[in-house]
Amino acid sequence: MKKTKVLLSSLALALASSAMTFSVQAAPTSTINPGVTMNQLTNRQPIHWVSVEQIAASLKGKPAMNVGFDIDDTLLFSSPAFFHGKQVFSPNSNDYLKNPEFWEKVSNGWDKFSIPKKSARELIAMHLKRGDHLYFITGRPRPASGNEEVTEILQKDFNIPVKQMSPVIFSGPDHGAKTSYIKDNDIKLYYGDSDGDILDARAAGADVVRVLRPLNSTNHPMPHNGSLGEKVLVNSQY
């Protein structure tokens, strides 16, 4: 019995020693990253999230209306076209955005490389089913030639009946530039990814829903979604 106690004591001592050794070895010698607290992990901002289904339900019983959309990062992931333009016209800067030749190219064919967003397909299908008429208002400047292929590309990408859409409106990038177009076309609901989209639509008296900008968009800085108290379309980054 005494021998058994000695063996157990030795085993306990060995295990304790092993645990202490493991504990010492496992302790980091330096901070790899700051880490996060549980409070930081669980913290959520009070964003008014909505789904396509919820938007459809809110419009139930209402007559067909005019609905407006921004294009870049709202309907199309157009960063591939913009990235290509940067490589062609100004690889080391964003000067390409001031080059009329770039805007001529991007709105006359390069959008064939832009990717239609899944969330945009769902939105447009819902509005088409309602019988709504669609307007597309982009902050791109109008191509100097006066020609554009964006309207045709959108029509094909989203399978929109011609009678339910109007040609793309090129408002230009100026602050407030979209407001008059939204108001003059009696657009009741507008979708966009930027703060400018939200503010322009509100100034025109339209309801507005924020669409999430894709995480890998070349359009920086990224907006703070929900910061203006607007509704935000859930899972609309793709």
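Residues numbered from 1 in each chain as written. Predicted model: local features only at pLDDT ≥ 70, side-chain atom pairs only at ≥ 80, totals over all residues. Heavy atoms only, no water.

## Re helix H9 (residues 195–203)
- Listing the buried residues of H9 in full gives Asp197, Ile198, Asp200 and Ala201.
- Tucked inside the fold, the buried residues of H9 contact helix H8 (179–184), strand E7 (187–192) and strand E8 (207–210).
- Just downstream of H9 lies Gly205, where phi reads positive at about 85 degrees. (Buried < 20%, exposed > 50% of the residue type's maximum accessible area, 1.4 Å probe, protein only. Helix = DSSP H or I, 4+ residues; strand = E, 2+ residues; numbered from the N terminus. Contact = heavy atoms within 4.5 Å.)

## Details of the sheet that holds strand E1 (residues 48–50)
- Taken in spatial order, the seven strands of this open sheet run E1-E9-E8-E7-E2-E5-E6, and their pairing is parallel. Single-partner strands in this sheet number two, and they are E1 and strand E6 (169–170).
- Summarising the sheet, E7 and E8 pair through four bridges and their orientation is parallel. Bridge pairing links Gly192 to Arg210 in E8.
- In this fold H9 packs onto E7 and E8, with an angle of close to 170 degrees to the strand it touches most, E8. (Pairing = 2+ DSSP bridges. Axes fitted to C-alpha atoms, helices over the stretch in contact; angles between N-to-C directions.)

## Observations regarding the packing of aromatic side chains
- Applying the stated criterion across every chain, the model contains nine aromatic pairs.
- Relative to Phe102, the ring of Phe89 has its centre 6.4 Å away and its plane inclined at 75 degrees; by these criteria the two rings are edge-to-face. Linking Phe89 in helix H4 (residues 79–89) with Phe102 in helix H5 (residues 100–106), this pair joins segments that are 13 residues apart in sequence.
- Residue classification places Phe89 among the partly exposed residues on the basis of a relative accessible area of 22%.
- According to the relative accessible area criterion, Phe102 is buried, its value standing at 0%.
- Each ring, one from Tyr96 and one from Phe102, has its centre 4.9 Å from the other, and the planes form 85 degrees; the classification is edge-to-face.
- The class of Tyr96 is buried, set by a relative accessible area of 6%.
- Joined through ring pairs, the aromatic side chains of Phe82, Phe89, Tyr96, Phe102, Trp103 and Trp110 make up one cluster. (Phe/Tyr/Trp six-rings, centres within 6.5 Å; stacked < 30°, edge-to-face > 60°.)

## Some details on the confidence of the model for the chain
- Overall, the predicted model of the chain reaches an average pLDDT of 90, with 87% of residues at or above 70.
- Ignoring residues within four places in sequence, the model shows residues 1–9, a span with pLDDT below 50, making zero contacts including any to other chains.
- Note that residues 11–25 has pLDDT below 50 and, in this model, zero contacts with residues that lie over four places away or in other chains. (pLDDT = per-residue confidence, 0-100.)

## Section: the side chain of Ser90
- Tracing the sequence through the fold places Ser90 in the loop between H4 and H5.
- You can call Ser90 buried: its relative accessible area is 9%.
- There is a polar contact of 3.0 Å between the side chain of Ser90 and the backbone oxygen of Ser93.
- Side-chain polar atoms of Ser90 contact the backbone nitrogen of Asp95, separated by 3.5 Å.
- Setting aside residues no more than four positions away along its own chain, Ser90 makes contact with Gly85, Asp95 and Tyr96. (Polar contact = N/O pair within 3.5 Å; in protein donor to acceptor, adjacent residues only side chain to side chain.)

## Concerning the environment of Gly61
- With respect to the helices and strands, the residue Gly61 is situated in the loop between helix H3 (52–58) and strand E2 (66–69).
- C-alpha separation for the pair Gly61 and Arg130, spaced 69 residues apart in sequence, amounts to 9.8 Å.

## Re unusual backbone geometry
- The omega angle of the peptide bond from His220 to Pro221 is 0 degrees, so this bond is cis rather than trans.
- Within the element layout of this structure, Pro221 appears in the loop between E8 and strand E9 (231–233).
- Phi is positive for Asp73, close to 70 degrees, though the residue is something other than glycine.
- With respect to the secondary-structure elements, Asp73 resides in the loop between E2 and strand E3 (76–77).
- For Asp73, a relative accessible area of 3% gives the class buried.
- Even without glycine at this site, Asn235 takes up a positive phi of about 55 degrees.
- Secondary-structure assignment places Asn235 in the segment after E9.

## Considering the pairing of E8
- Read as a crossover between parallel neighbours, the route from E7 over H9 to E8 is right-handed.
- In terms of strand pairing, E8 meets E9 through two bridges, oriented parallel. The residue of E9 that forms the bridge with Arg210 is Val232. (Right-handed = clockwise from strand over helix to strand, strands pointing away.)

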